[in-house]
Structure formats: C-alpha cells, structure tokens
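# Architecture at a glance
Take a look at the letters that make up each chain.
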Amino acid sequence: MKTFQDYEKLEKKYILPTYSRYPVLFVKGKGTKLWDIEGREYLDFIGGLGVCVVGHSHPRLVKAITQQAQNLMQVSNLYYTIPQIELGKVLSELSIRGKCFFTNSGVEANEGAVKLARKFAKTSMEVDKFEVITAYRSFHGRTFEMLSATGQAEKKKDFEPLPPGFKHVPLNDIKALKKAISKNTLAIMLEPIQGEGGIYPCSLEYLREVRKICNEEGLLLILDEVQTGMGRTGKMFGYENYGIEPDIITLAKGLGGGLPIGAFIAKNEIAKAFEPGDHGSTFGGNPLVCSGALETVKIIIDENLVENCAKVGNYFKIELEKVAKEATLIKEIRAHGLMIGVEFSEEIAWEIVLKFLKRGITCGNIGRKIIRFLPPLCINYQEVDTVITEFKSILKESEVSC
Ligand SMILES: *Cc1c(COP(=O)(O)O)cnc(C)c1O
C-alpha cells in the first residue's frame with residue numbers, strides 16, 4: 001500500500017504547485033471527524049474551508065445524492081430538472097425572494113452577479129455605468145475579472161493586465177466610499193465579513209449607510225456571501241446581522257455541503273435584465289449537485305444548525321477571549337458565529353496550525369499572523385473545549401520557544 005510520503009512525491013510530480021499544503025492526507029470523514037491515511041483521527045475545525053456545514057458524509061446528504069446519481073446526474077440546461085427548480089424556490093424564499101442562477105463555484109457566482117449588474121445598467125439606466133467599488137483586503141475569487149475585483153495587490157501583481165472596471169476603498173470608511181463614487185459607478189460589492197482577507201466585518205453603521213447610499217445614488221448593492229452565507233455567521237445569511245437586504249447576493253462554499261455549487265440571487269427587477277443567451281453554464285445547476293444542495297439546506301433547517309452556530313460560536317468566542325487575556329502572543333480575536341480568526345503578534349500562524357495538526361485538530365492560516373476556524377455548523381460545546389484546551393497548551397509551548 002502507498003504511504004503518505006509516496007503520495008507526497010506523486011503530488012509534486014503531477015499537480016501544479018499552487019498550494020502549500022499541510023502535511024496530511026485525508027481519506028475519510030464523518031460528522032466533525034476526519035481520518036488520515038495512517039488511520040489517525042482529527043477533529044475538523046476548518047470543514048473543507050467553510051464548506052462542510054452539516055459535517056462530513058451526513059447520512060441524509062449521502063442518501064440524497066446516491067438516489068439522484070442512480071436516477072439522473074446531468075442533462076444540461078437545455079432542459080428542465082426538478083432539483084434545480086426546487087433549490088431555486090427554497091433559496092429565493094429564504095433570502096431576497098428573487099431569482100437564482102446556479103454556478104459551480106464562488107468565483108463564477110460573483111462573476112455572474114457583476115455580468116447581471118452590467119446588463120441591468122445597459123437596459124435600465126440612461127448613462128453607461130460599469131464600475132464596481134469593492135473593499136481593500138476583499139477576496140472575490142481567482143478569475144481575471146474577480147482578481148481585478150479582489151482588493152489584495154499581492155494576489156494580482158503577477159497577472160496584470162487585469163480587466164478594468166473595479167475600484168477599491170478601505171472598509172468601514174464612509175467618507176472614502178462617497179469620494180470614490182463617480183458617474184460611472186454601477187455597484188458596490190462587499191463581503192459582510194471579509195473572510196480570506198483576515199476575518200474583518202463591515203461595521204453595523206457602515207453597511208447600513210452603504211445600503212442608504214446605494215438607494216440614494218441608484219447603485220446596486222452586491223453582497224459576496226460565498227463564505228458568510230448558509231448559516232456561517234449565526235444567521236442564514238450574513239446580511240441579516242445588519243437588518244438590510246442586498247440587491248444581489250452570491251453564495252457557494254456551504255451551499256452544497258461539500259458538493260461544488262455556487263449561486264447568485266437577484267431581486268426580480270434586476271433579474272429580468274438577463275435574457276436567454278446572456279449567461280450559462282454546462283454543469284451549473286445540474287441535478288446531482290442541486291439535489292445535494294437542496295438536502296443540505298433542509299438539514300441546516302431541520303437540525304437548527306444556524307441557531308447551533310450562533311450559540312456554540314458565541315461560547316467559542318468567549319473561551320478564546322479568556323485564552324487571549326492570558327496569552328501575550330495573541331493580538332486579537334475576531335469571531336462572528338463560526339467564522340473565527342485569531343491574530344498573533346508574531347508571524348507564527350503556520351507553526352500554530354501545524355501544532356494543532358499534531359494534536360489531531362485541523363484549522364487554517366491566513367497569511368503569517370492569523371489562524372482561522374471554520375468548523376462544521378454542527379460542532380458542540382465539548383468539541384470547542386477540546387480545541388481550547390489544546391490551544392492553551394500550544395500557546396504555553398510557543399511562548400517558551402519564542
Ligand atoms: C472562497 C471565496 C470566493 C471564491 O470561491 P471559489 O469557490 O473558490 O471560487 C469568493 N468570495 C469569497 C468571499 C470567498 O470566501
């Protein structure tokens with residue numbers, strides 16, 4: 001049988017070197033647990049990067065996609081299929097009561113949302129507006145268009161020239177935003193809580209004010225909820241924390257419970273700008289993936305996972321803050337539901353993640369100073385206690401060695 005080291009060599013030989021991977025190979029998952037090739041058990045606090053919201057291999061999810069796979073996996077969007085239509089209905093009713101388009105990833109959801117906004121401008125506004133304002137430190141995906149939208153210079157510099165039409169402003173600075181708006185401005189696109197940028201939330205006043213400005217200036221508010229959607233922040237959608245609604249919302253990560261699916265949902269008056277032929281996807285919204293997403297949404301609701309996320313997330317935050325009080329290495333805790341970042345005063349994030357891994361816990365790093373937890377929404381208090389106990393011990397170790 002091949003070992004981890006054998007696969008490590010094969011990966012080097014056959015896979016493009018775009019990822020710096022943690023040194024583990026996983027072969028099985030169940031609920032909040034993972035097992036590596038050597039049979040070691042892990043408590044999963046990164047959940048496939050905020051994806052496995054109902055836990056790994058949930059029996060209902062497995063059953064739904066198994067049955068669907070036996071019936072029909074793909075016919076393309078040349079035809080009607082039941083899971084896509086039912087998923088569209090559920091998501092529309094849960095969110096902004098608009099119309100859905102299904103994609104295969106988060107970046108495609110954002111790309112589609114901006115395409116729709118452009119078409120809406122062409123069909124409904126007198127002037128030709130095209131520009132989208134996004135925030136510094138934002139992350140909207142890896143295509144050329146969404147790299148351009150992303151407010152992180154280091155991710156873009158080797159791939160220029162990037163498509164025009166995006167402008168960046170510092171988050172939570174209303175003055176800067178007002179100054180950036182021009183006659184060309186079409187939309188403002190924000191993550192309610194910046195994820196890949198380091199877990200930085202829009203302040204309550206800021207996002208509410210942005211909504212007001214959009215109304216007054218006739219701009220569209222696009223919320224990239226690829227990470228914050230599907231219960232992650234303790235509400236079904238991140239915008240619910242702010243008492244506002246976007247004009248277009250994008251989803252992905254948690255939506256399929258592990259299956260590759262994204263979506264954008266637009267209010268009806270905007271959605272009608274798209275006509276047949278304006279947008280499409282061969283795989284997007286296929287019955288297999290939609291049946292899994294539909295079951296994932298039903299599990300989230302039936303098992304009260306949004307409430308669980310809020311409760312356990314709040315407990316996790318309180319416990320982390322207690323740890324931070326004792327630890328000189330921790331600079332700040334930023335926690336919203338189960339979207340949690342710990343910022344250190346030193347560049348030790350990678351090392352801390354490896355130490356967690358050695359103790360059988362997965363988490364992730366953002367850059368050199370931040371670690372993050374994006375566990376399944378079904379984790380319990382006891383599992384949080386386990387992570388906290390290990391974290392304390394890791395910090396003790398690190399403080400000595402620093
Ligand atoms: C992960 C993420 C994306 C990109 O999603 P992909 O499925 O990797 O294309 C876009 N926006 C946000 C906010 C994300 O967290």
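Residues numbered from 1 in each chain as written. Predicted model: local features only at pLDDT ≥ 70, side-chain atom pairs only at ≥ 80, totals over all residues. Heavy atoms only, no water.

### Description of the overall build of the protein
When helices and strands are counted, the protein shows 14 helices and 17 strands. Over its C-alpha trace the protein gives a radius of gyration of 21 Å, about what one expects of a compact globule, namely 21 Å for 402 residues. A principal-axis box enclosing the C-alpha atoms of the protein has dimensions of 65 × 55 × 45 Å. Residues classed as buried in the protein amount to 54% of the 402 residues present. A sequence separation of at least 24 residues applies to 71% of the contacts in the protein between residues at least 6 apart. Just so you have it, the protein exposes about 18900 Å², and 55% of that area is on carbon and sulfur atoms. (Helix = DSSP H or I, 4+ residues; strand = E, 2+ residues; numbered from the N terminus. Rg over C-alpha atoms; globule rule 2.2 N^0.38 Å. Buried < 20%, exposed > 50% of the residue type's maximum accessible area, 1.4 Å probe, protein only. Contact = heavy atoms within 4.5 Å. Areas by Shrake-Rupley, 256 points an atom, 1.4 Å probe, with all protein chains shown as cover.)

### Topic: the site of the ligand
All residues in the neighbourhood of the ligand are listed as S105, G106, V107, N110, F139, H140, E191, E196, D224, V226, Q227 and K253. For the ligand, a nitrogen atom lies 3.2 Å from a polar atom in the backbone of F139. Q227 has a polar side-chain atom sitting 2.8 Å from an oxygen atom of the ligand. Relative to its unbound accessible area of 380 Å², the ligand is 81% covered by the protein chains. Examining the composition of the shell around the ligand, we find that three residues originate from one element, helix α5 (residues 106-124), more than from any other. Looking at side-chain class alone, the shell around the ligand contains three nonpolar, five polar and four charged residues. (Near = heavy atom within 4 Å. Polar contact = N/O pair within 3.5 Å; in protein donor to acceptor, adjacent residues only side chain to side chain. Nonpolar A, V, L, I, M, F, W, Y, C, P; charged D, E, K, R; others polar.)

### Thoughts on the layout of surface pockets
Take a probe with the size of a water molecule and roll it over the atoms, and the empty space left behind shows itself. Here the second largest pocket defines a volume of roughly 790 Å³. What lines the second largest pocket is a set of 25 residues, and nearest its centre among them are N77, Q84, C100, F101 and F102. (1 Å grid on protein atoms, 1.4 Å probe; cavity = no way out; pocket = protein on both sides within 12 Å on 5 of 7 lines; lining within 4 Å. Points joined across faces, edges and corners; volume = space filled by probe spheres on them.)

### Quick word on the sheet that holds strand β2 (residues 33-36)
One open sheet accounts for four strands, arranged β1-β2-β3-β15; its pairing is mixed. Both outer strands of the open sheet, β1 (26-30) and β15 (361-362), are each paired with one neighbouring strand and no more. Sheet analysis places β1 next to β2, joined by four bridges and oriented antiparallel. Of the residues in β2, the one forming a bridge with F26 is D36. (Pairing = 2+ DSSP bridges.)

### Digging into helix α11 (residues 287-302)
The end-to-end C-alpha distance of α11, which contains 16 residues, comes to 22 Å, matching closely the 22 Å that a straight helix rising 1.5 Å per residue would cover. Its side-chain oxygen at 2.9 Å from the backbone nitrogen of L288, N286 defines the N-terminal cap of α11. (Expected span 1.5 Å × (residues − 1).)

### Section: helix α3 (residues 59-71)
With 13 residues, α3 extends 18 Å from end C-alpha to end C-alpha; this agrees with the ideal 18 Å at 1.5 Å per step. For α3, the set of buried residues is L61, A64 and Q68. Down the axis of α3, the sector holding all buried residues measures 65 degrees, keeping them to one side. Along α3, exposed side chains directed more than 90 degrees from the buried face belong to P59, K63 and Q70. Taken together, the buried residues of α3 touch α4 (82-94) and α11. (Arc of directions from axis to C-beta.)

### Digging into the environment of T328
With respect to the helices and strands, the residue T328 is situated in the loop between α12 (305-326) and β13 (330-336). Relative accessible area serves as the criterion here: at 66%, T328 is assigned to the exposed category. When the C-alpha atoms of T328 and V132 are compared, they prove to be 41 Å apart, with 196 residues separating the residues in sequence. Those residues within four positions of T328 in sequence are excluded, and the remaining contacts are S345 and E399.

### Considering the packing of aromatic side chains
Scanning the model with the defined rule gives 11 aromatic pairs in all. With 5.7 Å between their ring centres and 75 degrees between their planes, F45 and F316 make a pair best called edge-to-face. Of this pair, F45 sits in the loop between β3 (41-44) and α2 (47-50) while F316 sits in helix α12, placing them 271 residues apart in sequence. Comparing F45 with F316, the two get one shared label, buried. Three or more aromatic residues joined by ring pairs form one cluster here, namely F45, F316, F344, F356, F373 and F391. Positioned above the aromatic ring of Y200, the side-chain terminus of R137 is 3.6 Å from the ring centre. (Phe/Tyr/Trp six-rings, centres within 6.5 Å; stacked < 30°, edge-to-face > 60°. Lys NZ or Arg CZ within 6 Å of the ring centre and 35° of its normal.)

### With respect to the pairing of strand β5 (residues 131-135)
Among the five residues of β5, five are classified as buried, and the element is accordingly described as predominantly covered. The alternating pattern of β5 places E131, I133 and A135 on one face and V132 and T134 on the opposite face, and all of these are buried. Note that β5 and strand β7 (residues 185-190) share three bridges and pair parallel. If you follow V132 over to β7, its bridge partner there is A187. In terms of strand pairing, β5 meets strand β6 (residues 166-169) through four bridges, oriented parallel. Residue pairing in the sheet places A135 in a bridge with V169 of β6.

No statement about biological role is implied by the geometric values presented.
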